[in-house]
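A closer look at the structure
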Amino acid sequence: MPAQVVLHSDDVRALETLAQQAIEQQSLAQPASLMQRAGLAAAEWARRVLPDTARRLLILAGPGNNGGDAFEMACHLKAWHYRVQLVFIGDIAALPTDARAACERWREAGGVCLPAVPTLPAGQGFDAVVDGLFGLGLGRDLTGEYAKIINEINNLDIFTLALDVPSGLCADRGVVRGCCLRADHTLSFITLKPGLLTGDGPDYCGQLAVADLGLDVQGLLQQLREQQITGLDDG
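For the structure given in this document, a descriptive report is provided here. (Residues numbered from 1 in each chain as written. Predicted model: local features only at pLDDT ≥ 70, side-chain atom pairs only at ≥ 80, totals over all residues. Heavy atoms only, no water.)

**Considering the sheet that holds strand β7 (residues 207–211)**
As a general point, the strands of a sheet are linked pairwise by backbone hydrogen bonds and lie either parallel or antiparallel. Taken in spatial order, the 7 strands make up an open sheet running β3-β2-β1-β4-β5-β6-β7, and their pairing is parallel. Here the strands that pair on one side only, and so sit at the sheet edges, are β3 (113–114) and β7. As paired elements, strand β4 (residues 128–132) and strand β5 (residues 159–163) share 4 bridges and run parallel to each other. If you follow V130 over to β5, its bridge partner there is L161. Sheet strands in contact with helix α5 (residues 144–154) are β1 (56–61), β2 (83–87), β4 and β5, and its direction is about 150° off that of β1. (Pairing = 2+ DSSP bridges. Helix = DSSP H or I, 4+ residues; strand = E, 2+ residues; numbered from the N terminus. Contact = heavy atoms within 4.5 Å. Axes fitted to C-alpha atoms, helices over the stretch in contact; angles between N-to-C directions.)

**Some thoughts on helix α4 (residues 97–108)**
In a regular helix each residue adds 1.5 Å, so 12 residues correspond to 16 Å; α4 covers 16 Å between its end C-alpha atoms and thus fits that length. Considered for burial, the residues of α4 that qualify are A99, A102, C103 and W106. Buried positions in α4, seen along its axis, are confined to an arc of 100° and lie on one side of it. The exposed residues of α4 that point more than 90 degrees off its buried face are T97 and E108. The elements touched by buried residues of α4 are α2 (34–49), α3 (65–79), β2 and β3. Phi turns positive one or two residues past the end of α4, at G110, with a value near 95°. (Expected span 1.5 Å × (residues − 1). Buried < 20%, exposed > 50% of the residue type's maximum accessible area, 1.4 Å probe, protein only. Arc of directions from axis to C-beta.)

**Looking at the pairing of β1**
With 5 of its 6 residues buried, β1 lies for the most part within the structure. Judged from the 5 bridges that link them, β1 and β2 form a sheet pairing that is parallel. Following the sheet pairing, L58 is matched in β2 by Q85. Where β1 meets β4, 5 bridges bridge the pair, whose relative direction is parallel.

**Quick word on the pattern of salt bridges**
Tallied over the full model, the rule gives 7 salt bridges. For R56, the salt bridge identified is with D127, shortest N-O distance 3.0 Å. Here D127 lies in the loop between β3 and β4 and R56 lies in strand β1, a separation of 71 residues in the sequence. The partly exposed category is assigned to R56, whose relative accessible area is 22%. (Salt bridge = Lys/Arg side-chain N within 4 Å of Asp/Glu carboxyl O.)

**Digging into the pairing of β4**
With 5 of 5 residues buried, β4 is to be regarded as a mostly interior element. Judged by which residues are buried, β4 turns out to be covered on both faces: A128, V130 and G132 on one side and V129 and D131 on the other are all buried. Tracing the backbone out of β4, into α5 and back to the parallel element β5 gives a crossover that is right-handed. (Right-handed = clockwise from strand over helix to strand, strands pointing away.)

**Points about α2**
For α2, spanning 16 residues, the distance from its first C-alpha to its last is 22 Å, which sits close to the expected 22 Å at 1.5 Å a residue. When we look at burial in α2, the residues that qualify are L34, M35, R37, A38, G39, A41, A42, A43, W45 and A46. Buried residues along α2 sit against α1 (9–24), α3, α4, β5, β6 (185–189) and β7.

**Some thoughts on the environment of Q21**
Position of Q21 relative to the elements: it lies in helix α1. Linking Q21 and R173, residues 152 residues apart in sequence, is a C-alpha distance of 29 Å.

**A word on the packing of α2 against α3**
The interhelical angle for the contact between α2 and α3, taken along N-to-C directions, is 55°, at an axis separation of 7 Å. Judged on the interaxial angle alone, α3 and α2 are oblique. In this structure, α2 crosses over α3, and the sense of that crossing is right-handed. Taking contact as the criterion, the partners of M35, Q36, A38, G39, L40, A42, A43, A46 and R47 in α2 are, on α3, N65, G68, D69, E72, M73, H76 and L77. Considering only residue class, the contact of α2 with α3 consists of 8 nonpolar, 5 polar and 3 charged. (Parallel < 35°, antiparallel > 145°, perpendicular 65-115°, else oblique. Left-handed = near helix turned anticlockwise from the far one by under 90°. Nonpolar A, V, L, I, M, F, W, Y, C, P; charged D, E, K, R; others polar.)

The analysis is restricted to geometry; functional conclusions fall outside its scope.
Given below as structure tokens:
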């Protein structure tokens, strides 16, 4: 992998804010939100890394923006004639605004939100799983239904992709929060995160890739550093 920027989650969030402001000032030739860009980038990446025979996909969408990325990805893959089933066990009304809009697009496209991982007849299972449960925002150990889903997937012999960060891995410190999904490939959005490269990260991330979402990451990073220096001077 070529040299990549590595940022902690707080800096990534600040960079995302600057990036969304920049997107809103651009033409509408590209998707108008970071989430829409992330979903498209993830779908295109999945087409590249999935085995040629993988057509039956299970996508796990979480209760935050990582779940929104998964909804957007699911829309594209369904339109490209993959057989997509999606699990979402949260409250749609409680989703962040962009993620809720992505969920609505999924449902308008004929997609269904399943409340649990379905049990399929022998020989009719999934070819691959996409993990879009939790990303940067995870601040607790995973327990309950989410832990059950992660352990269920980990016990399957199935090709697995993770969006941004494998669910259960601390993006900053690379430690497992209760349990963690073990991915074959992970697509990190905008920049790498330290936790993907340190601690338990390498054991759970598989092969890493980065999607810059069409952003001038170096330019945004310079802008962020200038703002931070200004803030220190003002203090």
